[in-house]
Amino acid sequence: MNVKRDLSDLPPVEKPAGVPPISEPQFVSAIADSWFNTYLAEGQHMRSKANEALPYRASNTALRCDRQLFYAMAGVERPIPNIADAYRMSLGTLVHSGLEDAIKTAFPNAEFEVQVDLTSIGVAGSAHADIVTYLDQTQRKVDAVVEVKTVNGFGFKSMATDFKGPAQGPRSGHVLQAALSALALDADRVVVAYLSMENLSPGMSKYVQSDIGRFAAEWHYSRDEYETLARKEIARIQRVIEWLGIPDLIPPTTVHDDNIPDGAYISTPGLWIKAEDGQITDTGKVWYCDYCDFKDRCVADTEKYKSATPII
């Protein structure tokens, strides 16, 4: 017979005090401040377009909210990033720079950071393609447009493994960024590659049967696949560009994301809803509001809904 013992008289377990960092670090602060001063002085936070005369850049495909895209193309001023945000945004550039020689050695007949004119596909904008490979260099027949992205360890696990259900694949904005350039260059295919900032544990990557899969993955899209996606995005871009000519427009917060139902929109920062016939039919969270440069402007414009009619 098991008898439960009364343990109330035992002394509480003391947790280790731990070793917190000092409140005012000296060496890392000096290094970070020196880097940040150079970052600002060189204007690295002011990303240039392949064609400054046109409103759209292909990297704007990452802006999956229509209002966010509208603000970017309208030239709404972005805040100067703080040192933490600047560091986060620069990690990808640092990785690209470190791998530049390796990429050129691996693909000696390719071109890199290729400027792409998107006007031929109906978009008043331009792009930079990371890597462009050719089937025939003489005739300039393009094989693939390759976009190389960096991602944190958690994001990589979600994309490339089944640890939270089926592998989610690349972010839709990254696929579309490559797809627009590929369509303009008449490429046969699109490749989206990711490099993780952290390694997966051994055996976690069941799709890639080598150690490469612990930190890298890629997805390929045929011409038919990427063109279908690109055409839909082109229609969206053209619609938002038309709004630029409407005075005092309060742009919509409609969201275009593979993980969110069509027609959903952001009701408050971080929350999307889907409504039909005036009734909410679905709702969920969206992470990118917290990282949006235009969040304060968006909140202020939302208040204008009380006295103006937005396009929704």
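Use the structure listed above.
So, a few notes on the structure that sits alongside this text. (Residues numbered from 1 in each chain as written. Predicted model: local features only at pLDDT ≥ 70, side-chain atom pairs only at ≥ 80, totals over all residues. Heavy atoms only, no water.)

## Comments concerning the state of the cysteines
Under the convention used in this document: Counting rule for disulfides: a pair of cysteine sulfur atoms within 2.5 Å. A 1.4 Å probe rolled over the protein chains alone gives each residue an accessible area, and that area as a share of the maximum for its type sets the label: buried under 20%, exposed over 50%, partly exposed in between.
Using the criterion set out here, one finds 0 disulfides in the structure. In this structure C289 is a free cysteine whose sulfur lies 6.8 Å from that of C298, the closest cysteine sulfur available. With no disulfide partner, C292 has as its closest neighbouring cysteine sulfur the one in C298, 6.7 Å distant. On the basis of relative accessibility, which here comes to 18%, the residue C292 falls in the buried class.

## Let's talk about the environment of L185
Operational definition: What counts as a helix is a DSSP run of H or I of at least four residues, what counts as a strand is a run of E of at least two, and both are numbered from the N terminus. Contact between two residues is taken to exist if any of their heavy atoms lie within 4.5 Å; hydrogens are not considered.
Mapping L185 onto the fold places it in helix 5 (residues 172–185). Placed 69 residues apart in sequence, L185 and V116 show a C-alpha to C-alpha distance of 7.6 Å. The contact partners of L185, leaving out residues within four places of it in the chain, are V116, V132, V142 and V145.

## Overview of the pattern of salt bridges
Rules: When a carboxyl oxygen of Asp or Glu is within 4 Å of a side-chain nitrogen of Lys or Arg, the pair counts as a salt bridge.
If you walk through the whole model with that rule in mind, you get 19 salt bridges. A salt bridge links R78 to D293; the nearest nitrogen and oxygen atoms lie 2.7 Å apart. One end of the pair, R78, is in the loop between helix 2 (66–74) and helix 3 (83–106); the other, D293, is in the loop between strand 9 (279–285) and helix 7 (295–303), with 215 residues separating them in the sequence. Given a relative accessible area of 31%, R78 falls into the partly exposed group. For R297, the salt bridge identified is with D301, shortest N-O distance 3.2 Å. Here the residue R297 and the residue D301 both occupy positions in helix 7, the gap between them amounting to 4 residues, near one helical turn. D301 gets classed as buried once you look at its relative accessible area, which sits at 5%. Here the residues in one salt-bridge network are K141, D186, D188, R223, E227 and R231, joined through shared partners.

## Here we look at the sheet that holds strand 7 (residues 265–268)
Strand pairing in a sheet relies on backbone hydrogen bonds, with the paired strands running either antiparallel or parallel. Applied cut-off: Being paired, for any two strands, means DSSP has found at least two bridges between them. Lines fitted to C-alpha atoms define the axes here, with helix axes fitted over just the stretch in contact, and angles between the N-to-C directions of these axes take values from 0 to 180 degrees.
Spatially, 3 strands are ordered 7-8-9 in an open sheet, and the strand pairing comes out antiparallel. One side of each edge strand has no neighbouring strand; the edge strands of this open sheet are strand 7 and strand 9. Between one strand axis and the next, the sheet turns by 40° as a mean value, whatever way the strands run. Summarising the sheet, strand 8 (residues 271–276) and strand 9 pair through 6 bridges and their orientation is antiparallel. Looking across to strand 9, one finds that E276 is bridged to Q279.

## Some details on the packing of aromatic side chains
Heads up, the rule is: Pairing of aromatic side chains here covers Phe, Tyr and the six-membered ring of Trp, requires ring centres within 6.5 Å, and sorts the geometry by plane angle: under 30 degrees stacked, over 60 edge-to-face, intermediate tilted.
Here the structure, examined in full by the defined rule, presents 10 aromatic pairs. When the ring of F36 is compared with that of Y39, the centres are 6.0 Å apart and the planes differ by 20°; the resulting orientation is stacked. Here Y39 and F36 lie together in helix 1 (residues 27–41), a separation of 3 residues that amounts to about one turn. Each member of the pair, F36 as well as Y39, carries the same accessibility label: buried. An angle of 70° between the planes, with centres 5.9 Å apart, marks the rings of W287 and Y291 as edge-to-face. These aromatic residues form a ring-pair network of at least three members: W35, F36, Y39 and Y87.

## Regarding the packing of helix 2 against helix 6 (residues 223–243)
Our working definition: Roughly parallel here means an angle under 35 degrees, roughly antiparallel means over 145, roughly perpendicular means 65 to 115, and every remaining angle is called oblique. The sense of a crossing depends on the near helix, which, turned anticlockwise from the far helix by less than a right angle, makes the crossing left-handed and, turned clockwise, makes it right-handed. Note on residue categories: nonpolar means Ala, Val, Leu, Ile, Met, Phe, Trp, Tyr, Cys or Pro, charged means Asp, Glu, Lys or Arg, and polar means any other residue, Gly included.
Across the interface, helix 2 lies against helix 6 with an axial gap of 10 Å and an inter-helix angle of 60°. Relative to helix 6, the element helix 2 lies oblique. The interaxial crossing formed by helix 2 with helix 6 has right-handed handedness. The segment helix 2 lies against helix 6, with D66, L69, F70 and M73 engaging R236, I237, R239, V240, I241 and W243. Split by residue class, the contact of helix 2 with helix 6 holds 7 nonpolar, no polar and 3 charged.

## A word on the nonpolar core
We apply this condition: Grouping buried Ala, Val, Leu, Ile, Met, Phe, Trp, Tyr and Cys residues that are joined through side-chain atoms within 4.5 Å yields what is termed a nonpolar core.
Within the largest apolar cluster, 47 residues are counted, with the highest numbers of intra-cluster contacts made by Y56, L118, L180 and Y226. Leave out the neighbours within four places in its chain, and L180 touches Y56, T61, L118, I121, A230, I234 and I237. Formed by 9 residues, the second largest nonpolar core is a distinct cluster that contains I260, A264, I266 and V286.

## So, unusual backbone geometry
The phi dihedral of E113 falls on the positive side, at around 50°, and the residue is not glycine. When you line up the elements, E113 lands in strand 2 (residues 111–117). Positioned with a positive phi, D186 is a non-glycine residue whose angle comes to about 60°.

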